[in-house]
Amino acid sequence: MPRRTAALLVALALGSAAAAGCSSAAAPDRAGGSSSDAAASVPASASAAVTSAPESSAPAASESTASAPTGTATPSPAAPAPLSVAVRGTVTDGLKSPWGLAVLPGGDLLVSERDSARILRVSAKDGARTVAGTVPGVTSGGEGGLLGLALSPDFAADHRVYAYFSTGSDNRIARLDLDPSRPSGSQLGSPTVLFSGIPHGPRHNGGRIAFGPDGFLYAGTGDADDRSHAQDRDSLGGKVLRLTRDGEPAPGNPFPGSPVWSLGHRNVQGLAWDQRGRLWASEFGQDTWDELNLITPGANYGWPTVEGTAGRAGFTDPVAQWHTADASPSGIAFAAGAVWVAALRGTRLWGVPLAGDGAAGAPQEFLRGEYGRLRTVAADPDGTLLLVTDNTDGRGSPRPGDDRILRLAVDGG
């Protein structure tokens with residue numbers, strides 16, 4: 001995939017005032033949320049601008065960082081119609097530090113709670129919550145704990161759940177059997193650790209896992225607050241990994257015998273495939289640019305040498321980028337011809353319409369400040385999106401009912 005070197009970007013003028021922040025700053029509580037049905041307003045129109053992405057020498061920040069509001073994307077020849085989002089209702093509420101989400105056959109949900117290490121089952125019928133079980137060996141603290149969840153591609157037959165979690169020494173991926181016939185709280189079998197040794201730190205632990213269309217397991221990892229990991233091909237930090245279902249390096253990986261699929265990442269917490277089977281990933285920037293990247297095998301996305309669009313040989317530029325106060329992107333999903341990005345610090349949902357190998361115009365924003373920090377967004381097989389808030393993680397401003405899962409109807413225009 002050729003590297004993008006466009007210097008002209010389309011900037012979305014947001015007009016929001018960025019609050020100063022640090023690694024422990026809480027996102028501002030701008031507006032009250034509602035669990036009733038509501039339609040999001042059409043975003044403001046975009047204006048053209050020339051932007052550059054300077055390298056930053058400031059100390060590394062984590063999921064909450066502040067700077068001037070901007071959203072930019074590599075432009076396509078024809079701008080798309082505006083995207084639209086409508087909140088259809090609340091699936092469930094009362095969650096504590098929710099992180100991972102998986103949709104079970106039949107529509108029930110599995111949700112991981114980062115700090116309690118519990119996996120909850122949420123009824124598709126009425127949103128009732130039961131505890132499937134608690135994952136042993138999880139160490140919570142900082143940005144670590146029980147993070148991403150994924151279902152086996154053969155879940156209907158093998159009932160296997162995959163989980164990414166932190167221990168006292170590393171981040172690892174384990175497989176657990178789910179038996180809903182057993183009593184609440186004991187439906188999970190003992191974990192089988194498939195992959196370990198992913199660098200662990202108080203920040204930048206990555207954590208998103210997902211099975212791709214090829215049947216292999218992908219994992220987004222962070223640099224664990226040590227920049228040297230990202231450019232080191234022998235380190236598992238700052239990478240997108242591609243594994244077999246048993247945790248071995250997948251055949252066809254770009255570096256023989258290695259699980260590394262791409263490198264040069266700071267903190268990947270979102271993975272999603274579009275209708276053409278291409279992998280997209282979100283990435284937290286330091287204090288200048290958050291990124292949405294089109295992932296290709298063996299590509300180097302630049303961290304810590306570059307951040308955001310740089311046009312430098314040997315590095316792949318992002319398809320879209322935001323100043324960190326407007327995004328701090330975690331989970332992503334593909335639906336209605338767009339990649340949808342859940343923003344933590346930005347407290348909004350971004351939609352990036354796609355065209356060819358780039359974005360069809362500037363990112364469009366929705367739900368700004370209405371539900372606080374947004375951790376995860378996932379596509380439901382029924383065509384809607386599931387959006388998970390994260391205001392109870394110690395950085396947000398919890399409202400009554402937090403945290404919650406919302407159901408959204410989206411349209412590509």
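Because the structure is a prediction, the values reported are computed rather than measured.

### A few points about the sheet that holds strand β10 (residues 146-151)
And step 1. Spatially, β10-β11-β12-β13 is the arrangement adopted by the four strands of the open sheet, whose pairing is antiparallel. A single partner strand is all that each edge strand has here, and the edge strands are β10 and β13 (192-198). When the angles between neighbouring strand axes are averaged without regard to direction, this sheet yields 20°.
And step 2. Taken together, the seven bridges between strand β11 (residues 160-166) and strand β12 (residues 171-177) define a ladder with antiparallel strand orientation. When the bridges of β12 are listed, Tyr162 appears paired with Arg175.

### Some words on unusual backbone geometry
And step 1. Between Trp303 and Pro304 the backbone carries a cis peptide bond, its omega angle lying at 0°.
And step 2. Turning to its location among the elements, Pro304 is positioned in the loop between β20 (290-295) and β21 (320-322).
And step 3. Residue Asp402 is joined to Asp403 through a cis peptide bond whose omega torsion reads -5°.
And step 4. Positive phi values are uncommon outside glycine, yet Ser328 reaches one of about 55°.
And step 5. Judged by its relative accessible area of 1%, Ser328 falls in the buried class.
And step 6. One non-glycine residue, Leu367, adopts positive backbone phi at about 60°.

### Regarding the layout of surface pockets
And step 1. Of the pockets and cavities examined, the largest pocket occupies roughly 770 Å³.
And step 2. Looking at the lining of the largest pocket, the elements that each hand over two or more residues are β6 (98-103), β10, β14 (209-211), β18 (268-273), β22 (329-335) and β27 (374-379).
And step 3. Across the lining of the largest pocket, the residue classes break down as 23 nonpolar, four polar and one charged.

### Quick notes on the packing of aromatic side chains
And step 1. Evaluation of the coordinates by the stated rule reveals five aromatic pairs.
And step 2. Ring plane angle 50° and centroid distance 5.7 Å describe the contact between Trp322 and Trp350, whose orientation is recorded as tilted. Of the two residues, Trp322 is situated in strand β21 and Trp350 in strand β24 (residues 349-355); the sequence distance between them amounts to 28 residues. In this structure, Trp322 and Trp350 share a single accessibility class: buried.
And step 3. Put simply, the rings of Tyr218, Trp261 and Trp273 touch in pairs and so form one group of aromatic residues.
And step 4. Between the NZ or CZ atom of Arg266 and the centre of the ring of Trp303, over which it lies, the distance is 5.5 Å.

### Considering the confidence of the model for the chain
And step 1. Summing up the model confidence of the chain, the mean pLDDT is 86 and the portion of residues at 70 or higher is 81%.
And step 2. Low pLDDT, under 50, characterises residues 1-61; the stretch is placed with 171 contacts to residues that sit more than four places away or in other chains.
And step 3. Every residue in residues 64-69 is under pLDDT 50, and counting partners more than four places away or in other chains gives 33 contacts.

### Some points on the pairing of β27
And step 1. Counting buried residues along β27, five of its six residues qualify, which places the element largely inside the surrounding structure.
And step 2. Examined bridge by bridge, β27 and strand β28 (residues 385-389) share five bridges and lie antiparallel to one another. Bridge pairing in β28 links Ala379 to Leu385.
And step 3. Following β27, the chain reverses through five residues before pairing antiparallel with β28; Gly383 in that reversal takes a positive phi of roughly 100°.

### Focus: the sheet that holds strand β17 (residues 260-262)
And step 1. Pairing is antiparallel in the open sheet, where four strands are placed in the order β14-β15-β16-β17. Because the sheet does not close on itself, it has two edges, and the strands there are β14 and β17. Put simply, the sheet's adjacent strands are angled 30° from each other on average, direction ignored.

### Digging into the pattern of salt bridges
And step 1. The tally for this structure, following the rule as stated, stands at 22 salt bridges.
And step 2. A salt bridge links Arg172 to Asp170; the shortest N-O distance between them is 3.1 Å.
And step 3. Look at Arg172 and you get partly exposed, because its relative accessible area is 21%.
And step 4. For Asp170, a relative accessible area of 7% gives the class buried.
And step 5. Residues Arg348 and Glu365 are paired through a salt bridge, measuring 2.9 Å at the closest nitrogen-oxygen approach. Taken together, the positions of Arg348 in the loop between β23 (338-343) and β24 and Glu365 in strand β26 (residues 364-366) put the pair 17 residues apart, joining distant regions of the chain.
And step 6. Classification of Arg348 as buried rests on a relative accessible area of 0%.
And step 7. The exposure class of Glu365 is buried, given its relative accessible area of 15%.

### Description of the side chain of Thr92
And step 1. Looking at the element boundaries, Thr92 is found in strand β5 (residues 84-92).
And step 2. Among the polar contacts listed, one links the side chain of Thr92 to the backbone oxygen of Gly127, at a separation of 2.8 Å.
And step 3. Among the polar contacts made by the side chain of Thr92, one reaches the side chain of Arg129 at a distance of 3.4 Å.
And step 4. Not counting chain neighbours up to four residues away, the residues in contact with Thr92 comprise Val122, Gly127, Arg129, Asp403, Arg404 and Ile405.

The rules behind the values
Residues numbered from 1 in each chain as written. Predicted model: local features only at pLDDT ≥ 70, side-chain atom pairs only at ≥ 80, totals over all residues. Heavy atoms only, no water. Pairing = 2+ DSSP bridges. Helix = DSSP H or I, 4+ residues; strand = E, 2+ residues; numbered from the N terminus. Axes fitted to C-alpha atoms, helices over the stretch in contact; angles between N-to-C directions. Buried < 20%, exposed > 50% of the residue type's maximum accessible area, 1.4 Å probe, protein only. 1 Å grid on protein atoms, 1.4 Å probe; cavity = no way out; pocket = protein on both sides within 12 Å on 5 of 7 lines; lining within 4 Å. Points joined across faces, edges and corners; volume = space filled by probe spheres on them. Nonpolar A, V, L, I, M, F, W, Y, C, P; charged D, E, K, R; others polar. Phe/Tyr/Trp six-rings, centres within 6.5 Å; stacked < 30°, edge-to-face > 60°. Lys NZ or Arg CZ within 6 Å of the ring centre and 35° of its normal. pLDDT = per-residue confidence, 0-100. Contact = heavy atoms within 4.5 Å. Salt bridge = Lys/Arg side-chain N within 4 Å of Asp/Glu carboxyl O. Polar contact = N/O pair within 3.5 Å; in protein donor to acceptor, adjacent residues only side chain to side chain.

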